[in-house]
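Listed below are the residues making up each chain.
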Amino acid sequence: MQEQDLNKIITDCRSGNRKAQEQLYRQLYGFAMAIAMRYAIDEHEAADILGHAFVKMFRSINSYDPSKGNFHGWLKKIIINESLDQIKQRSRFSTLEIDTVEEPFVNNSIIEKTDAAAILQLIRQLPPATHAVFVLYVIDGYSHKEIAAQLNISEGTSKWHLSEGRKIIQQKLMAIKI
Amino acid sequence: MNTSSPYDQLLAAKLDQVPVPDMADSIWSAIDTQLDAPTDASTDTPKNKTARKIKGKGWYGFLGTITVVTLLWWGYNHMNHTPPQNKPPQNIQPATKDSSAAADTSTVINPVKKKNMPVKPVIIKKDSTSLHDIPIKGAVVDSVSKQTLPPVHIDSPLHINNVPLPHVDSVRNNPPPGRKKGKGVKINNDDYKISADKGG
């Protein structure tokens with residue numbers, strides 16, 4: 001989709017045009033669903049996240065400022081915030097005081113050979129807090145500082161969760177190959 | 001943004017390959033429904049909410065007022081009905097008894113004994129105000145004649161025989177039977193003498 005077309009649809013959405021809203025949703029569905037799928041434990045939760053995120057997006061579309069970033073980035077942030085709200089509902093994020101974190105060794109060749117859906121399933125099996133930190137850091141590129149602020153935990157705790165996530169995934173990947 | 005390792009990049013690339021489920025229509029219908037909701041919710045303005053709040057509070061206030069009024073009414077009726085109708089009338093001090101208050105010296109009136117309720121004797125000082133001290137309009141009050149009036153004793157024949165005495169309203173201070181009403185009637189010294197004879 002061209003940038004001009006997207007801007008035209010966004011302008012129509014600002015005036016509450018339902019057709020334009022549907023059009024925008026369908027244009028961004030694949031992009032948005034892929035984000036929600038990483039944080040959700042299953043498709044149904046991903047659908048819930050997506051629904052709530054789009055409703056929030058349409059309601060606050062007038063606050064979107066193109067000069068601050070592109071629309072995809074803005075929508076991605078809304079979806080991630082909604083996903084974290086969902087995770088917070090089913091899990092409590094406790095702060096752990098950890099000074100040093102052991103970085104596990106992960107064999108990249110194992111990952112390459114593993115099916116994408118299987119890897120997603122492994123990530124979903126992580127404890128909720130570890131799952132959130134792992135996806136935020138590894139997939140969506142958040143720093144530990146950003147994660148700590150987002151989840152209201154310390155940076156050390158964020159590092160611990162990342163290390164724990166990597167370790168668990170490595171063990172499971174090894175188990176699959178064996 | 002973090003500095004992602006090759007491991008992270010590999011994982012991110014792998015997750016991008018995950019197929020997206022075909023749930024676009026069902027999710028859109030949910031979004032469509034939720035987007036319609038604000039139009040209904042928009043009618044629920046803060047003003048309406050406040051009005052509803054006040055209405056609710058008003059209802060509680062109304063109930064509270066009714067409860068208080070009911071309690072007051074019940075209490076008032078209960079207190080009004082408590083004066084025992086069965087109590088012997090001798091418990092009520094006859095108005096004639098007050099006539100002794102006009103004496104110069106302090107007089108001790110022995111109260112009528114009540115069951116299980118000791119009552120201290122009431123000392124009426126000579127300077128205490130009684131209805132008899134109030135001069136009746138048009139009547140010439142002679143202090144000498146007032147002093148000669150003997151006090152009425154409680155142990156009257158009626159009282160001894162447990163004959164119920166007439167209910168005397170001390171406030172109104174009705175004159176004893178056979179005595180002329182003071183209101184509008186000129187009272188002279190002879191009336192007092194007659195009264196003293198009957199009371200004695």
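Residues numbered from 1 in each chain as written. Chains lettered and ligands numbered in written order. Predicted model: local features only at pLDDT ≥ 70, side-chain atom pairs only at ≥ 80, totals over all residues. Heavy atoms only, no water.

1. So, the overall build of chain B
Step number 1: Tallying secondary structure elements over chain B gives six helices and two strands in all.
Step number 2: Along the chain direction, N to C, the helices and strands of chain B fall in the order α-α-α-β-β-α-α-α.
Step number 3: Looking at chain B residue by residue over its 200 residues, the buried ones come to 18%.
Step number 4: Carbon and sulfur atoms make up 61% of the accessible area of chain B, which amounts to about 15400 Å² in all. (Helix = DSSP H or I, 4+ residues; strand = E, 2+ residues; numbered from the N terminus. Buried < 20%, exposed > 50% of the residue type's maximum accessible area, 1.4 Å probe, protein only. Areas by Shrake-Rupley, 256 points an atom, 1.4 Å probe, with all protein chains shown as cover.)

2. Considering the overall build of chain A
Step number 1: Each helix and strand counted, chain A has nine helices and zero strands in total.
Step number 2: The order of helices and strands in chain A, counted from the N terminus, is α-α-α-α-α-α-α-α-α.
Step number 3: For chain A, the proportion of contacts with a sequence separation of at least 24, taken over those separated by at least 6, is 69%.
Step number 4: Counting only carbon and sulfur atoms, one obtains 47% of the accessible surface of chain A, whose full area is about 8800 Å². (Contact = heavy atoms within 4.5 Å.)

3. Some words on the interface of chain B and chain A
The figure often quoted for interface size is the accessible area lost as the parts come together.
Step number 1: On the chain A side, the residues contacting the 30 residues of chain B number 42 residues.
Step number 2: Contact between chain B and chain A buries roughly 3200 Å² in total, counting both sides, with carbon and sulfur atoms accounting for 68%.
Step number 3: Between chain B and chain A we count four salt bridges in total.
Step number 4: One can count nine residue pairs in polar contact (both at pLDDT 80 or more) joining chain B with chain A.
Step number 5: Among the elements of the structure, helix H1 (6–16) and helix H2 (24–42) of chain B are those that each provide at least two residues to the side of chain B that touches chain A.
Step number 6: The element that contributes the greatest number of residues to the side of chain B that touches chain A is H2 of chain B, accounting for ten residues.
Step number 7: Here the side of chain B that touches chain A is built from residues that sort into 18 nonpolar, five polar and seven charged. (Buried area = accessible area lost by both parts, 1.4 Å probe. Salt bridge = Lys/Arg side-chain N within 4 Å of Asp/Glu carboxyl O. Polar contact = N/O pair within 3.5 Å; in protein donor to acceptor, adjacent residues only side chain to side chain. Nonpolar A, V, L, I, M, F, W, Y, C, P; charged D, E, K, R; others polar.)

4. Some points on the packing of aromatic side chains
Step number 1: In this structure the tally under the stated criterion is nine aromatic pairs over all chains.
Step number 2: Pairing Phe54 of chain A with Phe58 of chain A gives two aromatic rings, centres 6.0 Å apart and planes at 45°, and the pair type is tilted. Residue Phe54 of chain A and its partner Phe58 of chain A are both found in helix H3 (residues 43–59); the two are separated by four residues, about one turn of the helix. Taken as a pair, Phe54 of chain A and Phe58 of chain A share a single burial class, namely buried.
Step number 3: Judged by centre distance (6.4 Å) and plane angle (85°), the ring pair of Phe58 of chain A and Trp28 of chain B falls under edge-to-face. Of this pair, Phe58 of chain A sits in helix H3 while Trp28 of chain B sits in helix H2, each in a different chain. Of the two residues, Phe58 of chain A and Trp28 of chain B, neither departs from the other in class, the shared state being buried.
Step number 4: An aromatic cluster of at least three residues, connected via ring pairs, comprises Tyr25, Tyr29, Phe54 and Phe58 of chain A together with Trp28 of chain B. (Phe/Tyr/Trp six-rings, centres within 6.5 Å; stacked < 30°, edge-to-face > 60°.)

5. A look at the nonpolar core
Residues and elements named next belong to chain A.
Step number 1: In terms of nonpolar packing, the biggest core is built from 70 residues, with Leu24, Phe54 and Phe58 touching the most fellow members.
Step number 2: Looking at this core, the element that brings in the most residues is helix H2 (residues 18–39), giving eleven residues.
Step number 3: Those residues in contact with Leu24 that sit more than four places away from it in its chain are Leu6, Ile9, Ile10, Cys13, Met57, Phe58, Ile61 and Phe71. (Core = buried A, V, L, I, M, F, W, Y, C linked by side-chain atoms within 4.5 Å.)

6. Quick notes on the pattern of salt bridges
Step number 1: Applying the stated criterion to the full structure yields ten salt bridges over all chains.
Step number 2: Measuring nitrogen to oxygen at the nearest pair gives 3.1 Å for the salt bridge that ties Glu22 of chain A to Arg26 of chain A. Of this pair, Glu22 of chain A and Arg26 of chain A both sit in helix H2, separated by four residues, roughly a single helical turn.
Step number 3: Residue Asp16 of chain B pairs with Arg38 of chain A through a salt bridge whose shortest N-O separation is 3.8 Å. Taken together, the residues span two chains, with Asp16 of chain B in helix H1 and Arg38 of chain A in helix H2.

7. Here we look at the side chain of Thr157 of chain A
Step number 1: Checked against the element boundaries, Thr157 of chain A lands in helix H9 (residues 155–177).
Step number 2: Here Ser154 of chain A takes part through its side chain, which lies 2.6 Å from a polar atom of the side chain of Thr157 of chain A.

8. Some words on a nonpolar patch on the surface
All names here are of chain B.
Step number 1: A cluster of nonpolar side chains, namely Trp59, Tyr60, Phe62, Leu63 and Ile66, defines an oily patch on the protein surface of about 580 Å² accessible area.
Step number 2: Mapped onto the elements of the fold, Ile66 is located in helix H3 (residues 46–81).
Step number 3: Looking at Ile66, the relative accessible area reads 40%, which means it is partly exposed. (Patch = residues over 30% accessible without salt bridge, like charges linked within 9 Å, V, L, I, M, F, W, Y side chains within 5 Å.)

9. Focus: helix H4 (residues 71–90) of chain A
All names here are of chain A.
Step number 1: If you check H4, its first and last C-alpha atoms are 29 Å apart, about what 20 residues at 1.5 Å a residue would give, namely 28 Å.
Step number 2: Every buried residue of H4 is listed here: Phe71, Leu75, Ile78, Ile79, Ile80, Glu82, Ser83, Leu84, Gln86 and Ile87.
Step number 3: Buried residues along H4 sit against helix H1 (3–14), H2, H3, helix H7 (128–139) and helix H8 (144–151). (Expected span 1.5 Å × (residues − 1).)

10. Side note on the confidence of the model for chain B
All names here are of chain B.
Step number 1: The predicted model of chain B has a mean per-residue pLDDT of 63, with 28% of residues at 70 or higher.
Step number 2: Per-element confidence in chain B ranges from a low mean pLDDT of 49 for helix H4 (residues 143–148) to a high of 82 for H1.
Step number 3: Low pLDDT, under 50, characterises residues 40–47; the stretch is placed with three contacts to residues that sit more than four places away or in other chains.
Step number 4: Confidence drops under a pLDDT of 50 for residues 97–103, and excluding neighbours within four residues, the segment shows 14 contacts in the predicted structure.
Step number 5: As a predicted assembly, this complex carries a pTM of 0.54 together with an ipTM value of 0.83. (pLDDT = per-residue confidence, 0-100.)

11. Focus on the environment of Gly51 of chain A
Step number 1: Topologically, Gly51 of chain A is positioned in helix H3.
Step number 2: According to the relative accessible area criterion, Gly51 of chain A is buried, its value standing at 5%.
Step number 3: With 28 residues separating them along the chain, Gly51 of chain A and Ile79 of chain A place their C-alpha atoms 9.5 Å apart.
Step number 4: With sequence-adjacent residues up to four places away left out, Gly51 of chain A is seen in contact with Ile27 and Ile31 of chain B.

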